[in-house]
There are 2 protein chains.
Amino acid sequence: MTNTITAPEISTDIKTVMQQSAKAFDEYKRLPGSAKASFLEEIAAQIELKREQLVAIANQESNLPLARLNGELTRTTNQLKLFAEVIREGSWVEAAIDEADGTRTPARPDIRKMLVALGPVVVFGASNFPFAFSTAGGDTASALAAGCSVVIKAHPAHAQTSLLVYEAIQKAIAASGVPEHTVQHVEGKSNETGKALVQHPATAGVGFTGSFAGGKALQAYSNEREKPVPVFAEMSSINPVVFYPAALQSNAAALAQQYAGSITLGMGQFCTNPGLLLAVKGQALDNFLALLSTEIKKVTPQKMLHSGICQAYNKGLHEMLEEKGIDVLAQSEQKPEGLEAYPTLAKVSAATFLDIPHFKEELFGPFSLVIECSDMDELKQVLLSLHGQLTTTAMATQDDLSSYADVLELQKTLAGRIIINAAPTGVEVCAAMVHGGPYPATTDARFTSVGTSAIKRWARPLCFQGFPDALLPPELQQANPLGIVRIFNNKYVAPAK
Amino acid sequence: MTNTITAPEISTDIKTVMQQSAKAFDEYKRLPGSAKASFLEEIAAQIELKREQLVAIANQESNLPLARLNGELTRTTNQLKLFAEVIREGSWVEAAIDEADGTRTPARPDIRKMLVALGPVVVFGASNFPFAFSTAGGDTASALAAGCSVVIKAHPAHAQTSLLVYEAIQKAIAASGVPEHTVQHVEGKSNETGKALVQHPATAGVGFTGSFAGGKALQAYSNEREKPVPVFAEMSSINPVVFYPAALQSNAAALAQQYAGSITLGMGQFCTNPGLLLAVKGQALDNFLALLSTEIKKVTPQKMLHSGICQAYNKGLHEMLEEKGIDVLAQSEQKPEGLEAYPTLAKVSAATFLDIPHFKEELFGPFSLVIECSDMDELKQVLLSLHGQLTTTAMATQDDLSSYADVLELQKTLAGRIIINAAPTGVEVCAAMVHGGPYPATTDARFTSVGTSAIKRWARPLCFQGFPDALLPPELQQANPLGIVRIFNNKYVAPAK
């Protein structure tokens with residue numbers, strides 16, 4: 001680790017930090033959407049100004065390649081700009097208006113509602129996306145967009161990258177004139193720091209992407225509070241991929257190449273890594289697995305994000321491969337060294353899989369387990385046995401999708417995103433994205449942590465009854481000065497813009 | 001209690017009930033919105049057919065007056081019809097579409113999302129609204145509208161009313177051709193029944209309106225599950241009303257009459273009962289309290305809903321009036337007998353209130369506590385000390401609202417609904433309503449249990465990536481056959497209807 005960044009003075013006094021956050025929130029929340037949008041854009045601009053330095057330090061801290069980090073930084077700034085666009089437009093607040101009706105008995109009062117910001121949000125940086133899901137990543141961007149102040153708990157595995165991004169945010173704060181403590185940065189390796197942040201009474205919400213154990217602990221801290229707060233933890237997913245019979249028969253070589261790439265992309269360190277491959281046994285599967293094995297053997301081991309993740313992968317892989325009935329199909333021919341991961345493909349029968357709960361657990365890294373099923377009915381049993389997932393994928397021909405509509409229907413119940421004929425790795429930042437899913441993929445399947453809907457995690461509806469027009473927020477004023485989409489007397493009204 | 005209704009055979013085997021519910025859900029969720037809408041309308045029609053019998057039995061079981069019950073039944077059927085209208089229209093699913101973009105590197109896939117139903121929902125009937133928040137009430141109607149199957153846990157205080165409503169639902173099930181077990185009815189007085197329902201693996205969500213202890217227990221049951229599920233418990237609120245200085249000065253007589261009515265309406269057995277009245281001490285307050293006391297004395301005690309609630313009120317009132325520094329200002333001149341409640345108005349100083357946490361707790365019944373504040377700053381301290389609320393009210397002149405904008409701003413942080421110059425009792429069923437609020441008013445401030453947005457409690461977003469158009473639900477098909485409002489490539493599009 002280099003030491004080229006001089007750390008600014010950091011308050012480790014969580015109480016002070018949270019009180020400052022609450023005070024900043026009181027001011028920041030009242031700024032118009034356009035001012036918050038400009039602030040997000042300024043953060044993006046300040047990050048761009050430090051691109052070279054940021055990418056270099058993140059590369060040293062995370063072992064991720066420069067090209068990937070450059071792409072991720074672009075994604076991060078685009079994300080900030082997209083969220084800015086959404087809040088400048090303004091319709092995200094779900095404004096609804098029911099006008100007074102004096103002719104009714106009893107008379108109906110004037111009732112209006114919109115989403116308002118929750119309060120100070122604590123964001124835990126994720127190690128596998130040092131830009132896009134860390135200091136100025138999706139959780140921070142969406143919370144700021146909603147009108148919340150943010151306290152970032154830096155990930156210790158890229159502490160200097162985090163600080164440098166935070167410096168960019170501080171410059172944006174100064175340039176935009178938003179309150180000084182709108183965003184704050186807390187370092188610390190101990191769980192106690194995280195616990196204190198989650199349990200401070202001023203904390204109104206928590207964002208986290210990481211391990212199941214980590215997310216579960218944060219949720220438990222919140223549940224221990226006198227007043228629990230929403231915890232959005234994106235935790236654990238093995239992203240089952242179903243290879244339907246005709247697709248496997250007709251397209252084995254291309255599928256093998258595509259999936260060897262997806263399984264080992266970024267050394268498997270994606271939440272959407274395809275950890276489970278389901279198919280029916282037979283010649284087509286044997287053929288596909290032979291091709292996939294050849295591809296896996298060719299993969300060059302790369303360094304993982306940090307020693308903790310590498311140790312966990314090595315230990316988890318060892319334990320997994322000791323399970324009864326598991327066959328190793330392929331590992332990289334080049335043996336891993338030091339922090340490098342060992343790309344591995346293994347296989348079990350569906351019967352064995354159904355018997356041993358351990359196989360359903362995430363092994364974070366370039367590991368994928370093939371479940372060999374006797375027939376599509378047994379494959380359905382496997383799907384039914386799985387936990388909630390971020391994604392599930394159907395590699396299928398048109399005929400497959402017609403013949404096995406029931407399998408596809410089952411897949412829809414499993415995950416937040418269902419994909420046809422693509423690899424699950426790769427998550428678009430857009431309005432229609434859902435990066436979420438039933439427990440334990442996340443703590444709350446009703447929200448997404450990627451895409452513009454992520455903003456709604458940090459808001460609650462507030463109803464204004466009998467307010468004089470001038471005292472209403474502009475979103476709810478009769479003349480609709482912001483020109484947003486609203487539900488007006490039960491009809492959607494979208495003014496021409 | 002009469003015994004005129006023959007109970008149908010009731011399965012007390014929770015496991016069977018939940019398995020049946022899961023099976024019904026699998027079919028029911030796939031019905032088009034129009035079919036679900038017709039089902040809701042049929043329930044409303046079947047309830048109307050039994051109006052006379054229902055109102056008579058509910059009157060015997062709940063002690064609520066016939067006029068009130070007739071009005072509540074109308075509200076219940078209107079609620080079903082309004083929800084039917086919303087799902088027939090269809091835009092509630094928040095459809096969003098991002099089209100594929102092959103020109104981008106990497107190419108962007110076609111991504112679409114909408115809300116889909118969660119799964120079987122357990123609804124606990126509320127004792128204070130035997131129609132509107134019980135068997136076919138808001139939780140059931142919204143869950144069915146979302147596409148969930150429902151298991152109703154009947155409230156033992158109006159078990160026969162509940163059964164009779166359930167018979168109406170069964171007729172609607174038969175007439176509409178929805179799966180037999182789309183709605184089921186479970187009786188039982190023990191907490192174990194509720195616990196077993198919440199903890200069954202098939203249960204996907206829980207709706208509850210009742211006490212803080214009850215809601216907290218249900219939330220804890222869910223947290224104990226391997227996979228926790230959303231629990232929407234509307235629990236505890238004392239609905240603080242601030243009487244601003246000029247309003248108190250100018251309008252004391254009308255305010256006294258209005259609030260005596262609101263405090264004792266339905267013997268205070270409303271979630272939105274004004275339990276806390278805040279004002280600055282002085283001649284204007286003394287004058288108002290003298291008038292209010294006169295009104296309270298005139299109130300005739302009425303029977304409460306059931307003996308449990310009456311015992312809890314009597315015990316709670318006794319304990320409250322024993323607290324240090326409390327003055328009883330007025331009680332009904334007519335003494336209560338049997339199950340009747342004792343309408344009571346009391347007063348404490350703000351300093352005493354701030355000192356004794358007990359005063360912040362809900363006392364369910366016709367009790368209201370006046371907090372006498374030294375000045376508006378102390379009044380703000382009282383507001384800051386309060387728990388989350390369903391409502392908060394400002395009784396204020398235009399001048400008050402200008403002079404004390406900071407007090408109004410503070411009120412906005414307290415509750416799900418903020419009301420100017422009306423009593424908080426009375427909750428409209430409409431698009432803009434929020435019947436919810438920060439903990440402990442509810443377990444989840446991000447949702448409402450009254451109004452059409454209540455449907456969204458029972459849904460989660462599902463993202464479809466790379467789907468052939470024909471395999472998409474109609475809400476997401478390119479041609480928009482349902483003509484709903486959608487976000488299409490980041491722009492709201494509302495087709496002419």
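Basis of the calculations
Residues numbered from 1 in each chain as written. Chains lettered and ligands numbered in written order. Predicted model: local features only at pLDDT ≥ 70, side-chain atom pairs only at ≥ 80, totals over all residues. Heavy atoms only, no water. Core = buried A, V, L, I, M, F, W, Y, C linked by side-chain atoms within 4.5 Å. Buried < 20%, exposed > 50% of the residue type's maximum accessible area, 1.4 Å probe, protein only. Contact = heavy atoms within 4.5 Å. Buried area = accessible area lost by both parts, 1.4 Å probe. Salt bridge = Lys/Arg side-chain N within 4 Å of Asp/Glu carboxyl O. Polar contact = N/O pair within 3.5 Å; in protein donor to acceptor, adjacent residues only side chain to side chain. Helix = DSSP H or I, 4+ residues; strand = E, 2+ residues; numbered from the N terminus. Pairing = 2+ DSSP bridges. Axes fitted to C-alpha atoms, helices over the stretch in contact; angles between N-to-C directions. Least-squares fit on C-alpha atoms with pLDDT ≥ 70 in both. Phe/Tyr/Trp six-rings, centres within 6.5 Å; stacked < 30°, edge-to-face > 60°. Lys NZ or Arg CZ within 6 Å of the ring centre and 35° of its normal. Parallel < 35°, antiparallel > 145°, perpendicular 65-115°, else oblique. Left-handed = near helix turned anticlockwise from the far one by under 90°. Nonpolar A, V, L, I, M, F, W, Y, C, P; charged D, E, K, R; others polar.

### Digging into the nonpolar core
- Residues A:Ile43, A:Leu369, A:Ile371, B:Ile43, B:Leu369 and B:Ile371 are the most contacted members of the largest nonpolar core, which totals 244 residues.
- The residues contacting A:Ile43, other than those within four sequence positions of it, are A:Leu80, A:Ala136, A:Leu144, A:Ile169 and A:Ala172.

### So, the interface of chain A and chain B
- Each side of the interface is counted separately: chain A has 70 residues, and chain B has 70 residues.
- It is A:Arg446, A:Gln465 and A:Tyr492 in chain A that bury the most area against chain B; as a group they hold 12% of the surface buried on that side.
- Where chain A meets chain B, there are four salt bridges.
- In this structure, A:Arg104 and B:Glu428 form a salt bridge, with 2.6 Å as the shortest nitrogen-oxygen distance.
- Linking chain A with chain B are 26 residue pairs in polar contact (both at pLDDT 80 or more), by the criterion used here.
- Of all elements in the fold, only helix H4 (66-89), strand S1 (96-98), strand S2 (111-117), helix H15 (398-403), helix H16 (405-412), strand S14 (415-420) and strand S15 (459-465) of chain A reach the threshold of two or more residues within the side of chain A that touches chain B.

### Overview of the side chain of B:Gln184
All names here are of chain B.
- For Gln184, the location among the structural elements is in strand S5 (residues 183-186).
- Among the polar contacts listed, one links the side chain of Gln184 to the backbone oxygen of Val17, at a separation of 2.9 Å.
- Discounting residues that sit within four places of it in the chain, Gln184 has contacts with Val17, Gln20, Ser21, Val150, Val151, Ile152 and Tyr166.

### A short note on the sheet that holds strand S1 (residues 96-98) of chain B
- Read across the open sheet, the 12 strands follow the order S10(A)-S11(A)-S12(A)-S9(A)-S8(A)-S13(A)-S14(A)-S15(B)-S2(B)-S1(B)-S16(B)-S17(B); overall the sheet is mixed. The open sheet is flanked by strand S10 (327-331) of chain A together with strand S17 (491-493) of chain B, the only strands paired with a single partner. This sheet shows a mean twist of 25 degrees between the axes of neighbouring strands, independent of strand direction.
- Inspection of the sheet shows strand S9 (residues 276-280) of chain A paired to strand S12 (residues 367-373) of chain A by five bridges, in the parallel sense. Each residue of the ladder has a partner; that of A:Leu276, found in S12(A), is A:Leu369.
- Where helix H11 (residues 283-298) of chain A meets the sheet, its contacts fall on strand S8 (241-243), S9, S10, strand S11 (344-349) and S12 of chain A, and the angle it forms with S10(A) comes to roughly 45 degrees.

### With respect to unusual backbone geometry
- The step from A:Thr105 to A:Pro106 runs through a cis peptide bond, and the omega angle for that step is -10 degrees.
- Note on placement: A:Pro106 falls in the loop between S1 and S2.
- Cis geometry marks the peptide bond from B:Tyr439 to B:Pro440; its omega dihedral reads 5 degrees.
- As for its placement among the helices and strands, B:Pro440 is situated in the loop between strand S14 (415-420) and strand S15 (459-465).
- A positive phi is found at B:Asn63, a non-glycine position, where the angle reads about 65 degrees.
- A residue is classified by how much of its surface remains accessible, and B:Asn63, at 23% relative accessible area, is partly exposed.

### With respect to the relation of the copies chain A and chain B
- Structural alignment of chain A on chain B gives an RMSD of 0.0 Å, achieved by rotating through 180 degrees and translating 0.0 Å along the axis. On the angle and the small slide along the axis, the relation comes out as a two-fold axis. Among all residues of chain A, the minimum C-alpha distance to the rotation axis is found for A:Ala494, at 3.4 Å.
- The share of interface residues of chain A whose copies in chain B are also at the interface is 100%, consistent with both copies meeting through the same surface.

### Considerations on the pairing of S14(A)
- Burial within S14(A) is extensive, with six of its six residues counted as buried.
- In terms of strand pairing, strand S13 (residues 389-395) of chain A meets S14(A) through five bridges, oriented parallel. Of the residues in S14(A), the one forming a bridge with A:Gln389 is A:Ala415.
- In this sheet, S15(B) lies alongside S14(A) in parallel orientation, the contact comprising three bridges. By the bridge assignment for S15(B), A:Ile418 is matched with B:Phe464.

### Notes on the packing of aromatic side chains
- Counted under the stated rule, the structure contains 23 aromatic pairs over all chains.
- Ring geometry for A:Phe464 versus A:Phe467: centroids 5.2 Å apart, planes at 85 degrees, classification edge-to-face. Across this residue pair, the class does not change: A:Phe464 and A:Phe467 are buried.
- Through pairs of rings, three or more aromatic residues link up here, namely A:Phe232, A:Phe447, A:Trp458, B:Phe232, B:Phe447 and B:Trp458.
- The ring of A:Phe129 is capped by A:Arg75, whose NZ or CZ atom sits 5.7 Å from the centre of that ring.
- Looking at B:Arg68, its charged tip hangs above the ring of B:Phe129, at a distance of 4.7 Å from the centre.

### What about the environment of B:Asn59?
All names here are of chain B.
- For Asn59, the position within the fold is in helix H3 (residues 51-62).
- Each C-alpha atom of the pair Asn59 and His158 lies 9.4 Å from the other, and the pair is 99 residues apart in sequence.
- Those residues in contact with Asn59 that sit more than four places away from it in its chain are Leu64, Pro65, Leu66 and Leu69.

### Considering the packing of helix H2 (residues 33-49) of chain B against helix H6 (residues 159-176) of chain B
Residue and element names in this part refer to chain B.
- Relative to each other, H2 and H6 sit at 135 degrees, their axes nearing to 8 Å. As judged from the angle between their axes, H2 and H6 are oblique. The two elements H2 and H6 meet at a crossing, and its hand is right-handed. Contacts from Ser38, Phe39, Glu42, Ile43, Gln46 and Ile47 of H2 reach H6 at Val165, Ala168, Ile169, Lys171, Ala172, Ile173, Ala175 and Ser176.
- Classifying every residue of the contact of H2 with H6 gives nine nonpolar, three polar and two charged.

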